[in-house]
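Tertiary structure, described
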Amino acid sequence: MIYSYKGKTPKIAESAYIADYVTITGDVSIGEETSIWFNTAIRGDVAPTKIGNRVSIQDNSVLHQSPDNPLIIEDDVTIGHMVILHSSIIRKNALIGMGSLILDNAEIGEDAFIGAGSLVPPGKVIPARTLALGRPAKVVRELTEEDYVEMDRVRRTYVEKGQYYKGLTSIDEK
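These numbers were taken from a predicted model, which means no experiment stands behind them. (Residues numbered from 1 in each chain as written. Predicted model: local features only at pLDDT ≥ 70, side-chain atom pairs only at ≥ 80, totals over all residues. Heavy atoms only, no water.)

A few words on the nonpolar core. Ranked by internal contacts, the top residues of the largest apolar core, which has 38 residues, are Ile-57, Ile-73, Leu-85, Ile-90, Ile-102 and Ile-108. Only β4 (23–30), β6 (41–51), β9 (71–73), β13 (95–96), β19 (130–134) and α1 (145–166) provide two or more residues apiece to this core. Ile-57 has contacts with Ser-35, Ile-36, Trp-37, Thr-40, Ile-42, Ile-51, Leu-63, Ile-73 and Ile-79, leaving out every residue within four places of it along the chain. (Core = buried A, V, L, I, M, F, W, Y, C linked by side-chain atoms within 4.5 Å. Buried < 20%, exposed > 50% of the residue type's maximum accessible area, 1.4 Å probe, protein only. Helix = DSSP H or I, 4+ residues; strand = E, 2+ residues; numbered from the N terminus. Contact = heavy atoms within 4.5 Å.)

This is how it looks when you write it as structure tokens:
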């Protein structure tokens, strides 16, 4: 369901895929070829939520904000299943593992990988091109070429699936 809130209506690119049982409300913008998967809630009723192009936000995720503190997700980001994002910044090409929580004023660097089940506390900055995990999340190493290949595979898979479900492309089913 798409709802306006206090005169703000979500702006969703025509090529974005929004699955069934997703709720989007208020000051939310969603970019091209982005996919929002089943049972996700994105509320822009406190501050803006800006979601870039080719982002996947997987099933059962929750996106929200604190007053005057937007949530920003740049292009080509992968958000795993059951992630909570709150008034944070997720830079280009990052991957947030399933079940993670990213809290107010945290920033996830470009090409960073947050391991499944991690908690990034308020104000924590995860540097670009690193793997961070744990509760609280700590950087454990620089990413490898194999990590980038896997992150790219996941990103491309969700763009393709979203466009397939949207009916804009077909996936070769050999």
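On we go from here.
Turning next to the environment of Tyr-148. Take Tyr-148: it is sitting in helix α1. Counting along the chain gives 37 residues from Tyr-148 to Asp-111, while the straight-line C-alpha distance between them is 7.9 Å. Not counting residues up to four positions away in its chain, the partners in contact with Tyr-148 are Asp-111, Arg-129 and Leu-143.

With that out of the way, let us pick up unusual backbone geometry. Following Arg-135, the chain continues into Pro-136 via a peptide bond in cis, with omega recorded as 5°. By the element assignment, Pro-136 lies in the loop between β19 and β20 (137–142). Not every positive phi belongs to a glycine, and Tyr-21 is a case in point at roughly 65°. Here Tyr-21 lies in the loop between β3 (17–18) and β4. By relative accessible area, Tyr-21 is classed as exposed at 66%. One non-glycine residue, Ser-87, lies in positive phi territory at about 45°. Mapping Ser-87 onto the fold places it in the loop between β11 (84–86) and β12 (89–90). The class of Ser-87 is buried, set by a relative accessible area of 1%.

Regular strands place their side chains on alternate faces of the sheet. As judged from the 7 bridges shared by β4 and β6, these two strands associate in the parallel manner. Looking across to β6, one finds that Ser-29 is bridged to Lys-50. Strand direction decides the pairing type here: β6 and strand β8 (residues 62–64), joined by 2 bridges, are parallel. In the sheet register, Ile-42 faces β8, and the bridge partner there is Leu-63. Note: β6 against β9, 3 bridges, orientation parallel. Residue Lys-50 lies in a different strand from β9, and its bridge partner there is Ile-72. (Pairing = 2+ DSSP bridges.)

This brings us to the pattern of salt bridges. For the structure shown, the criterion picks out 8 salt bridges. A salt bridge links Arg-54 to Asp-76; the nearest nitrogen and oxygen atoms lie 2.7 Å apart. Of this pair, Arg-54 sits in the loop between β6 and β7 (56–57) while Asp-76 sits in the loop between β9 and β10 (78–79), and the two are 22 residues apart along the sequence. Overall, the relative accessible area of 13% leaves Asp-76 in the buried class. Taken together, the salt bridges that share partners define one network made up of Glu-74, Arg-91 and Glu-107. (Salt bridge = Lys/Arg side-chain N within 4 Å of Asp/Glu carboxyl O.)

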